[in-house]
Amino acid sequence: MTARAEATRRRLFEATMRLARGTGLAGVTVDDIAAEAGVAKGTVYYNFGSKNGLVEALLRYGVNDLAERLTAAVESSDDPSAGLAALVDAALAFIEQYPGFSQILVSELWRTPGRWAETLAPLREEILTILEGQLERVAATRRFPVDVPARRAATALFGTLLVSALDWLVFEPHRDRAEVRDGVLTLLAARADTG
């Protein structure tokens, strides 16, 4: 993909997420997205074929962006607990930057049957694999109970991150991201203490 195409996709992603924050995906039109991104409507159709094609590509784009940030956070520290804190912070920073995307994930991931279920299932798996790997590294240091399957803990952490961040942004936007991060980590530590 060329740098120009990448820049266009980034603008479309950000525009869609800004618009979806207020109305959800159903209330956003291709005209709205194109206008918000500062591109011609034909650019959307040329690149994606339809609004559904755009949304599917943007879901992939957003989750890939999140996965890259989580991976970089994990790799930022040799200490598994510090890596977990960095991972939680990276996830919260992403959600803070793209709350509309996170709202879509919350509403679409657990909708049965969801319109984007086939697209989101492998993307969810990608994020859970990153979380699971880091939780396994922490468990190997005996700072997290090993009796809890890492996949189950990763699923709980993913849901906690999404809901905690959205609750923060909607109801307590005055709070600092570090406070939210520390709250999520406190829940993990409490489980470790009771494990």
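Residues numbered from 1 in each chain as written. Predicted model: local features only at pLDDT ≥ 70, side-chain atom pairs only at ≥ 80, totals over all residues. Heavy atoms only, no water.

As for the packing of helix α1 (residues 3-23) against helix α4 (residues 51-75)
With their axes 10 Å apart at the nearest point, α1 and α4 run at an angle of 95° to one another. Taken together, α1 and α4 sit at an angle that is classed as roughly perpendicular. For the pair α1 and α4, the contacting residues are E6, R9, R10, L12, F13 and T16 in the first and L54, A57, L58, Y61, G62 and D65 in the second. Split by residue class, the contact of α1 with α4 holds six nonpolar, two polar and four charged. (Axes fitted to C-alpha atoms, helices over the stretch in contact; angles between N-to-C directions. Helix = DSSP H or I, 4+ residues; strand = E, 2+ residues; numbered from the N terminus. Parallel < 35°, antiparallel > 145°, perpendicular 65-115°, else oblique. Contact = heavy atoms within 4.5 Å. Nonpolar A, V, L, I, M, F, W, Y, C, P; charged D, E, K, R; others polar.)

Considerations on the UniProt feature "DNA-binding region" (unreviewed entry) in the protein chain
The UniProt entry lists residues 29-48 under the feature "DNA-binding region" (unreviewed entry), expressed in the numbering used here. Between the end C-alpha atoms of residues 29-48 there is a gap of 14 Å, over a span that is 80% helix and 0% strand. (UniProt positions renumbered as here; feature names shortened; annotations may be inferred.)

Here's the deal with the pattern of salt bridges
All told, the structure shown has 14 salt bridges when counted by the stated rule. R181 is paired through a salt bridge with D89; the nearest N and O atoms lie 3.7 Å apart. You can see R181 sitting in helix α9 (residues 177-194) and its partner D89 sitting in helix α5 (residues 80-97), a full 92 residues away along the chain. The buried category is assigned to D89, whose relative accessible area is 19%. Linking E125 and R151 is a salt bridge whose minimum nitrogen-to-oxygen distance equals 2.9 Å. Of this pair, E125 sits in helix α7 (residues 117-140) while R151 is found in helix α8 (residues 150-171), placing the two residues 26 residues apart along the sequence. By relative accessible area, E125 is classed as partly exposed at 35%. (Salt bridge = Lys/Arg side-chain N within 4 Å of Asp/Glu carboxyl O. Buried < 20%, exposed > 50% of the residue type's maximum accessible area, 1.4 Å probe, protein only.)

Structural notes on α1
In an α-helix, one full turn covers 3.6 residues, which means residues spaced three or four apart are oriented alike. End to end, α1 covers 30 Å across 21 residues, agreeing with the expected 30 Å (1.5 Å per residue, within 8%). Listed as buried for α1 are T8, L12, F13, A15, T16, M17 and A20. Residues of α1 that are buried in the fold lie against α2 (30-37), α3 (41-48), α4, α5 and α6 (99-109). Of the residues one or two after α1, G24 is the one with positive phi, at around 75°. (Expected span 1.5 Å × (residues − 1).)

Observations concerning the environment of R137
Tracing the backbone shows R137 in helix α7. Looking at R137, the relative accessible area reads 39%, which means it is partly exposed. Each C-alpha atom of the pair R137 and L84 lies 9.1 Å from the other, and the pair is 53 residues apart in sequence. R137 has contacts with V74 and P80, leaving out every residue within four places of it along the chain.

Remarks on the side chain of T119
Tracing the chain through its elements places T119 in helix α7. Excluding residues that lie within four positions of it along the chain, T119 makes contacts with E56, L59 and R60.

Section: the nonpolar core
F101 and L157 are the most contacted members of the largest nonpolar core, which has 62 residues in total. Top contributing element to this core by residue count: α4, with 12 residues. For F101, the contacting residues outside a window of four places in its chain are F13, M17, L58, L59, G62, V63 and F94. (Core = buried A, V, L, I, M, F, W, Y, C linked by side-chain atoms within 4.5 Å.)

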